[in-house]
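So you can see what is in the structure, the chains are spelled out below.
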Amino acid sequence: VPVGRPMEEVGMFASPNPRHVRLREVGVRTTRLCALDFLVDGLKRDRMPWGGDLAVSLLADAYVFGDAEIVRRSLSVLDAYEGDVNGIVTYSMWLIVSHDLYQRYFGDRAFLDARWWRVKGRIEDLLSRTDERGFVVKGLDWVFIDWAGPRSHTALQAIWAGALDAAARLADRVRDARAADYRAVAARVRANLNAVAWDEARGLYRVNPDATPAFARQANIYAVVFDVADAAKARRIGAELVKDDLPPVGTPYVYGWELVALNRAGF
């Protein structure tokens, strides 16, 4: 019985390294198998669309298949959540990022015009849960960062900074004046994270701001991915990520972002 949506490859890939070619083949097959009514995660398990995982599968779809329809459906069904997406505060943030990625790669302004009221409502809800530093601190029932490692508020706020950037770009597209406010909060979040979470001696961000030093990959991965770390800090973080000193991440989902972080850090 065929599994997955019929999808034609439109992206090109070439490498002299057979391992790279094999990795791509597996990734393409996995993406195809997970393209059901929506882009889902856990083909052998839950077969559900998840707000965070969509950001990764959306990128794979954009580069390999260019299938906008399945992304639209996935965004729409996740938009329907009242409260946090999948019950997870970070997935509400990731869904905003995914809307921005969809516009970046597919340029579907009509879809954004139709959905902006819903996306903006989610942004404003998250803003209503911030403190004076701009950090999201209220309604944190489920802060999912990774299945491995501690619950990291530094990682949470770094993802939030990225979501605010995405919100500002989306607002620009629909000519919403709130774009400037979103950028201002993003700048405040970054400044405060660098003030209270960066450990200069260690060259890493702590798992939690204002806490006894403890370090993990996830906070530092997202600090690089979402430009909390400047170029100099990113380089120092990359040098630590390539070592085995820090415990590994717990999911391919986060490992994908670790690879992005390493690339941006110049490794």
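Okay, so let's go over this structure. (Residues numbered from 1 in each chain as written. Predicted model: local features only at pLDDT ≥ 70, side-chain atom pairs only at ≥ 80, totals over all residues. Heavy atoms only, no water.)

A few points about helix 10 (residues 252–264)
Thinking step 1. If you check helix 10, its first and last C-alpha atoms are 18 Å apart, about what 13 residues at 1.5 Å a residue would give, namely 18 Å.
Thinking step 2. Contacts from the buried residues of helix 10 go to helix 2 (51–64), helix 4 (89–106), helix 8 (217–225) and helix 9 (231–241).
Thinking step 3. Phi for glycine 266, located one or two positions after helix 10, is positive at around 90°. (Helix = DSSP H or I, 4+ residues; strand = E, 2+ residues; numbered from the N terminus. Expected span 1.5 Å × (residues − 1). Contact = heavy atoms within 4.5 Å.)

Some remarks on helix 4
Thinking step 1. In this model, helix 4 (18 residues) spans 26 Å end to end at C-alpha, consistent with the 26 Å of a helix rising 1.5 Å per residue.
Thinking step 2. In terms of residue burial, helix 4 counts as a mostly covered element, since 15 of its 18 residues are buried.
Thinking step 3. Trailing helix 4 by a residue or two, glycine 107 shows a phi angle of about 55°, which is positive. (Buried < 20%, exposed > 50% of the residue type's maximum accessible area, 1.4 Å probe, protein only.)

Notes on the environment of aspartate 67
Thinking step 1. With respect to the helices, strands and loops of the structure, aspartate 67 is situated in the loop between helix 2 and helix 3 (68–79).
Thinking step 2. With relative accessibility at 12%, the residue aspartate 67 sits in the buried group.
Thinking step 3. Distance from aspartate 67 to alanine 261, taken between C-alpha atoms, is 26 Å for residues 194 residues apart in sequence.
Thinking step 4. Reaching out from aspartate 67, the side chain makes a polar contact with the backbone nitrogen of isoleucine 70 at a distance of 3.2 Å. (Polar contact = N/O pair within 3.5 Å; in protein donor to acceptor, adjacent residues only side chain to side chain.)

Some thoughts on unusual backbone geometry
Thinking step 1. Its identity is not glycine, yet arginine 175 carries a phi of approximately 60°, on the positive side.
Thinking step 2. With a phi angle near 60°, aspartate 227 is a residue other than glycine that sits in the positive phi range.
Thinking step 3. Mapped onto the secondary structure, aspartate 227 falls in the loop between helix 8 and helix 9.

Remarks on the environment of leucine 112
Thinking step 1. With respect to the element layout, leucine 112 can be found in helix 5 (residues 109–127).
Thinking step 2. For leucine 112, a relative accessible area of 0% corresponds to the buried category.
Thinking step 3. Ignoring sequence-local partners within four residues, the contact set of leucine 112 consists of Gln103, Leu170, Arg173 and Val174.

Some remarks on the nonpolar core
Thinking step 1. Membership of the largest hydrophobic core comes to 85 residues, with the highest contact counts inside it found for Trp94 and Tyr222.
Thinking step 2. Considering every element that reaches this core, the biggest residue donor is helix 6 (residues 153–173), with 13 residues.
Thinking step 3. Among residues more than four places away in sequence, those in contact with tyrosine 222 are Trp94, Ile145, Ala155, Ala158, Ile159, Tyr253, Val254 and Trp257. (Core = buried A, V, L, I, M, F, W, Y, C linked by side-chain atoms within 4.5 Å.)

Some points on the packing of aromatic side chains
Thinking step 1. For the structure on display, the rule yields 14 aromatic pairs.
Thinking step 2. Three or more aromatic residues joined by ring pairs form one cluster here, namely Trp50, Tyr91, Trp94, Trp142, Phe144, Trp147, Tyr222, Phe226, Tyr253 and Trp257.
Thinking step 3. Note that arginine 202 overlies the ring of phenylalanine 215, its terminal NZ or CZ placed 5.5 Å from the centroid.
Thinking step 4. Lying over the aromatic face of tryptophan 198, lysine 233 brings its terminal NZ or CZ to 5.3 Å of the ring centre. (Phe/Tyr/Trp six-rings, centres within 6.5 Å; stacked < 30°, edge-to-face > 60°. Lys NZ or Arg CZ within 6 Å of the ring centre and 35° of its normal.)

Comments concerning the packing of helix 8 against helix 10
For any two helices packed against each other, the geometry is given by the interaxial angle and the distance between the axes.
Thinking step 1. Interhelical geometry of helix 8 versus helix 10 gives an angle of 55° and a closest axis separation of 8 Å. Between helix 8 and helix 10, the angle is such that the two are oblique. Handedness of the helix 8/helix 10 crossing: left-handed. Every residue of helix 10 that contacts helix 8 at Arg217, Gln218, Ile221, Tyr222, Val224 and Val225 is listed here: Tyr253, Val254, Trp257, Glu258, Val260, Ala261 and Arg264.
Thinking step 2. Looking at the contact of helix 8 with helix 10 residue by residue, the classes come out as nine nonpolar, one polar and three charged. (Axes fitted to C-alpha atoms, helices over the stretch in contact; angles between N-to-C directions. Parallel < 35°, antiparallel > 145°, perpendicular 65-115°, else oblique. Left-handed = near helix turned anticlockwise from the far one by under 90°. Nonpolar A, V, L, I, M, F, W, Y, C, P; charged D, E, K, R; others polar.)

Thoughts on the packing of helix 3 against helix 5
Thinking step 1. Two elements in contact, helix 3 and helix 5, have axes separated by 11 Å at closest approach and are oriented at 35°. Regarding helix 3 and helix 5, the two cross each other, and that crossing is left-handed. Contact residues: Arg72, Leu75, Ser76, Leu78 and Asp79 in helix 3; Phe111, Arg115, Arg118, Val119 and Arg122 in helix 5.
Thinking step 2. The residue makeup of the contact of helix 3 with helix 5, split by class, is four nonpolar, one polar and five charged.

Note that every value here comes from positions in space, so none of it alone points to a role or purpose.
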